[in-house]
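Here are the chains, one letter per residue:
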There are 2 protein chains.
Amino acid sequence: MAQKPSIPKGTRDFSPIEVAKRNYIIDTIREQFRLFGFQPIETPSFENSETLMGKYGEEGDRLIFKILNSGDYLNKIDEALYATKDSNKIISKISEKALRYDLTVPFARYVVQHQNEIDFPFKRFQIQPVWRADRPQKGRFREFFQCDADVVGSKSLFQEFDFIKLYDRVFTKLDLKGVTIKMNNRKILSGIAEVIGASDKLIDFTVALDKLDKIGEDGVKKEMLSKGISEKAIEKVKPLFNFAGTTSEKIENLRGMLSSSEEGLKGVEELQFIVNAIQEMPLETATLDLDVTLARGLNYYTGAIFEVSAPDTVSMGSIGGGGRYDDLTGIFGLKDVSGVGISFGLDRIYLVIEELGLFPDAVIPATKVLFINFGNKEALYSLKVVDLLRKEGVTAEIYPDDAKMKKQMNYANKRNIPFVVLVGTSEMENNTFTVKDMVSGDQKEVDFVGLRKLFE
Amino acid sequence: MAQKPSIPKGTRDFSPIEVAKRNYIIDTIREQFRLFGFQPIETPSFENSETLMGKYGEEGDRLIFKILNSGDYLNKIDEALYATKDSNKIISKISEKALRYDLTVPFARYVVQHQNEIDFPFKRFQIQPVWRADRPQKGRFREFFQCDADVVGSKSLFQEFDFIKLYDRVFTKLDLKGVTIKMNNRKILSGIAEVIGASDKLIDFTVALDKLDKIGEDGVKKEMLSKGISEKAIEKVKPLFNFAGTTSEKIENLRGMLSSSEEGLKGVEELQFIVNAIQEMPLETATLDLDVTLARGLNYYTGAIFEVSAPDTVSMGSIGGGGRYDDLTGIFGLKDVSGVGISFGLDRIYLVIEELGLFPDAVIPATKVLFINFGNKEALYSLKVVDLLRKEGVTAEIYPDDAKMKKQMNYANKRNIPFVVLVGTSEMENNTFTVKDMVSGDQKEVDFVGLRKLFE
């Protein structure tokens, strides 16, 4: 019996309309990456396992898709090891390649491998799929695209500024207003840890603080105390409990609070620089917000941390994120190359734009005109016209068979083709075309000039 | 010690210039796919193993990359099976997914799975990577892109005609002149088999015939005899040994030769139809050639067979191919859906265009202007201008650090940035920009209007 076809869970087929919508987002992001001076690279879908393993923590290692070696893959395993039947121990013997898990580690590998061909600072972008054996849920898939831009080889804070402008520009171009770009700085977090006297409590601290809206100041303090953060320490960072106001006011608050931490003050200065620059050149539609609870990839980032939230009207996790990492390429042997980068979450941006109805109609590139097929002679005549139209950039088709008129018209209707052209004996004799407007239902006879005019 | 980074054999990193060149080819193909009325779809990188296995023959099955199940993958294997240590028997227990091997089988799966959403005839295109565990060699990689266009749901020969026009148009647009589109028909081959009295000898026959150029008529006949094809049979298809002349002459020869085979004559008629249509609407730069030795995917195609050869000046295998298959979706339970399609071999086309020096200079989207960074104040001032230029579609950058002038100039030079702008105190006071033309070395002072003019 024939198989009932399906696809692996967490993966998707994309229909023509979905591809068109996805490409609209990708093309918008790519265009701005280019205008901002980023250059595209691409890396292989799979990397040597040792390139990826151990770079994303234990959880990450588990979620990496491994590729089975070709041929008699069990042959390499010695009997003693085979007898253990231990999946973890045996894996490195039967799998040497793995699908990439993100674009950042392959990029670091690329920079180190090609360091002699690269002119630093290197501004690269990369738009490719990544794979994770994660449990699928809304907005989370096992195959999904990442759109990353990074600069390596410069510590200039103008990069951070440029990335904020880039986020703002892309979301403005997508007509997605009301996006919030949340910003923090790892050095601020280190400063807070210093001030509360325990860097190992920092995550507990930020997690608790993040609940301020829900459980109130007292609730947050209670949670912090329960995690072993002292009252004295909490007192020192009290301004965080009323952390409202403009970004400038927030920065002033932080400056006072972190006055005893050199690193904390360095973080404040970095934030100040970026905020000043944005004041000089305001954002178009996004809002920049300082969020001291933002701690994504804490072990990874060393300076600025970014995360982008969709407009409040949509319930969706972050639609982008990034930050500065001072030693990304160190894992591959190239020290002291500072990098900073951001990522756009294509799939979530898609869901947000879909939910808000912001996809422009013109996104879907439909066929503009269908020629009805009345038989070989007429079809061949029509094809010459189809050929001319295509050469002028008009998507034109002829119905492949001389099927019943109704069937051909139905096809045009279902595919939303706006014009249908009928060429029979009399049209061929008179050098004319009978054009039916599929929206209005109007029908008229035109010459070739008149036909072309329809598509100008 | 840090790892020395590398990538798996048969895979590639693509530098910015390579990505730009690849995209030039892909965009050209995609644009023509669209103008010819094809719609894009995308399918997942990996499919359920049962979707792919058994579809490409034994050799194909071996070359499919299998993905290891997540978690404790050995756990599912019972002890008796485990004890066999038989890689082939165990594989289905530890791997349920596999990377796609081509775009045709996933497309067939897509059509069957989504048949109720599709309006037939369905003209789709698909441009995505595929993976094969093949031995890498020149023009053959383990990860490579296929660019496919297919129509399913119509038996009209106008489709075959349209695909020939599509090949011609794409290669014309790529300025790749002298391409040969070789055409054959499975029914012609069946007819020859009928005439020589043994369908099981057909492959031996075509392989031998293909050597005519090298070993001459006598050599070919000798080989055919040695394969058990009788002298009488060889006599019947004698015209094939002098198979020269125009396509029309070749067709006439075939008609005579295959007069006793109904299927053969049907094939001749199909070829005749296509050749007539092309005579009415000649190709722009490609040549259509009838090649009776063309037998690619013999068990797969049921009508027309196509293969595209690069110009004679380049030594390269086929750069495209395709044909008609009357029951592709049958393997997934949907009967009687005829399809016809073609594929472009991106990597080989790239190598041909590179070898012939046909990539236009404009393909590489370089940054148009670099602003020199003289310090924070000047940089911030410059960034406002950078912002304006980007909004007008000019790729503009500022050097991120106030490094030495020479270093910044070197960066512009290496990246082939044509203009460098210097904004110091006096320029800021006078609202001017000092522009250096990096090609001529000329330097001049302009206002913003003058600056913009450089990029019109």
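What counts and what doesn't
- Residues numbered from 1 in each chain as written.
- Chains lettered and ligands numbered in written order.
- Predicted model: local features only at pLDDT ≥ 70, side-chain atom pairs only at ≥ 80, totals over all residues.
- Heavy atoms only, no water.
- UniProt positions renumbered as here; feature names shortened; annotations may be inferred.
- Least-squares fit on C-alpha atoms with pLDDT ≥ 70 in both.
- Pairing = 2+ DSSP bridges.
- Helix = DSSP H or I, 4+ residues; strand = E, 2+ residues; numbered from the N terminus.
- Axes fitted to C-alpha atoms, helices over the stretch in contact; angles between N-to-C directions.
- Contact = heavy atoms within 4.5 Å.
- Buried < 20%, exposed > 50% of the residue type's maximum accessible area, 1.4 Å probe, protein only.
- Polar contact = N/O pair within 3.5 Å; in protein donor to acceptor, adjacent residues only side chain to side chain.
- Core = buried A, V, L, I, M, F, W, Y, C linked by side-chain atoms within 4.5 Å.
- Buried area = accessible area lost by both parts, 1.4 Å probe.
- Salt bridge = Lys/Arg side-chain N within 4 Å of Asp/Glu carboxyl O.
- pLDDT = per-residue confidence, 0-100.
- 1 Å grid on protein atoms, 1.4 Å probe; cavity = no way out; pocket = protein on both sides within 12 Å on 5 of 7 lines; lining within 4 Å.
- Points joined across faces, edges and corners; volume = space filled by probe spheres on them.
- Nonpolar A, V, L, I, M, F, W, Y, C, P; charged D, E, K, R; others polar.
- Expected span 1.5 Å × (residues − 1).
- Parallel < 35°, antiparallel > 145°, perpendicular 65-115°, else oblique.
- Left-handed = near helix turned anticlockwise from the far one by under 90°.

- As recorded by an unreviewed UniProt entry, chain A carries the name Histidine--tRNA ligase and is attributed to Aquimarina muelleri.
- Its UniProt record, at the heading Subcellular location (unreviewed entry), says of chain A: "Cytoplasm".

1. Topic: the relation of the copies chain A and chain B
Piece 1. With an RMSD of 0.1 Å, chain A superimposes on chain B once it is rotated by 180° and translated 0.0 Å along the axis. What the rotation and shift describe, once combined, is the action of a two-fold rotation axis. For chain A, the minimum C-alpha distance to the rotation axis belongs to I67 of chain A and amounts to 2.2 Å.

2. Re the sheet that holds strand β12 (residues 369-371) of chain A
Residues and elements named next belong to chain A.
Piece 1. If you walk across this open sheet you meet the five strands as β13-β12-β14-β15-β16, and the pairing is mixed. What marks the edges here is a single partner per strand, and that holds for β13 (396-398) and β16 (443-446). Geometrically, the sheet is characterised by an average inter-axis angle of 25° between neighbouring strands, direction not taken into account.
Piece 2. Relative to the sheet, helix α15 (residues 376-391) contacts β12, β13 and β15 (433-437), its axis offset from that of β13 by approximately 170°.

3. A few points about the UniProt feature "binding site: L-histidine" (unreviewed entry) in chain A
Residues and elements named next belong to chain A.
Piece 1. If you check UniProt for "binding site: L-histidine" (unreviewed entry), the listed places come out as D102, L103, T104, R132, Q146, D150, R296, Y300 and Y301 in our numbering.
Piece 2. Relative to the elements of secondary structure, D102 occurs in the loop between β4 (97-99) and α6 (104-113).
Piece 3. With relative accessibility at 8%, the residue D102 sits in the buried group.
Piece 4. Once you skip the residues sitting within four places of it in the chain, D102 turns out to touch Y56, V130, R132 and Q146.
Piece 5. A polar atom in the side chain of D102 sits 2.6 Å from the side chain of Y56.
Piece 6. Mapped onto the secondary structure, Q146 falls in strand β6 (residues 143-152).
Piece 7. Among residues more than four places away in sequence, those in contact with Q146 are D102, L103, Q126, I127, Q128, V130, R132, S343 and F344.
Piece 8. Among the polar contacts made by the side chain of Q146, one reaches the main-chain amide nitrogen of L103 at a distance of 3.2 Å.

4. Comments concerning the nonpolar core
Piece 1. Grouped together as the largest cluster of nonpolar side chains are 126 residues, with contacts concentrated most on L254 of chain A together with F371 of chain B.
Piece 2. A per-element tally of this core places helix α7 (residues 158-173) of chain A first, with eight residues.
Piece 3. Counting residues in hydrophobic clusters, the runner-up holds 125 residues, among them L389 of chain A together with I25, V170 and L209 of chain B.

5. Looking at the interface of chain A and chain B
Piece 1. In this complex, chain A contributes 106 residues to the contact, which on the side of chain B involves 106 residues.
Piece 2. Considering only the side of chain A, the residues that lose the most area to chain B are K85, F158 and R390 of chain A, jointly responsible for 8% of the buried surface there.
Piece 3. For R169 of chain B, the salt bridge goes to D387 of chain A, with nearest N and O atoms at 2.7 Å.
Piece 4. Among the elements that line the side of chain A that touches chain B, the one with the most residues is α15 of chain A, at eight residues.

6. Section: the confidence of the model for chain A
Piece 1. For chain A, per-residue confidence averages 93 on the pLDDT scale, and 99% of positions sit at 70 or higher.
Piece 2. Of the two predicted TM-score estimates for the complex, the pTM is 0.93 and the ipTM is 0.93.

7. Things to note about unusual backbone geometry
Piece 1. For the bond running from F120 of chain A to P121 of chain A, omega is -5°, close enough to zero to count as cis.
Piece 2. Looking at where P121 of chain A falls in the secondary structure, it is placed in the loop between α6 and β5 (122-131).
Piece 3. In this model, N431 of chain B sits at a positive phi of 55°, which is unusual for a non-glycine residue.
Piece 4. Take N431 of chain B: it is sitting in the loop between α17 (425-430) and β15 (433-437).
Piece 5. Given the relative accessible area of 53%, N431 of chain B is considered exposed.

8. Some thoughts on empty space enclosed by the protein
Piece 1. The final tally for this structure, using the stated rule, is four cavities of 30 Å³ or more.
Piece 2. Considering only enclosed or pocket space, the largest cavity measures out at about 80 Å³ in volume.
Piece 3. Taken together, 14 residues line the largest cavity, and the ones lying closest to its centre are R34, F38, Q39 and P40 of chain A together with P365 of chain B.
Piece 4. Elements that contribute at least two residues to the lining of the largest cavity include exactly β1 (39-40) of chain A together with α1 (16-35) of chain B.
Piece 5. The element that contributes the greatest number of residues to the lining of the largest cavity is α1 of chain B, accounting for three residues.
Piece 6. Looking at the lining of the largest cavity, its residues break down into eight nonpolar, four polar and two charged.

9. Some remarks on helix α13 (residues 262-280) of chain A
Piece 1. End to end, α13 of chain A covers 27 Å across 19 residues, agreeing with the expected 27 Å (1.5 Å per residue, within 8%).
Piece 2. Residues of α13 of chain A that are buried in the fold lie against α7, β7 (180-185), α8 (186-196), α12 (247-257) and β8 (287-290) of chain A together with α15 (376-391) of chain B.

10. Structural notes on the pattern of salt bridges
Piece 1. In this structure the tally under the stated criterion is 58 salt bridges over all chains.
Piece 2. Notably, a salt bridge pairs D134 of chain A with R140 of chain A, separated by 3.5 Å at the nearest N-O pair.
Piece 3. Classification of D134 of chain A as buried rests on a relative accessible area of 18%.
Piece 4. Residues joined in a network through salt bridges with shared partners are R169 and E284 of chain A together with D387 and K391 of chain B.

11. Some points on the packing of helix α7 (residues 158-173) of chain B against helix α13 (residues 262-280) of chain B
Residue and element names in this part refer to chain B.
Piece 1. Running from N to C, α7 and α13 cross one another at 50°; their axes reach a closest spacing of 9 Å. The angle between the axes of α7 and α13 places the two elements in the oblique class. The element α7 and its partner α13 pack so that their crossing is right-handed. Contacts from F158, E160, F161, I164 and K165 in α7 reach F273, I274, A277 and I278 in α13.
Piece 2. Grouping the constituent residues of the contact of α7 with α13 by class yields seven nonpolar, no polar and two charged.

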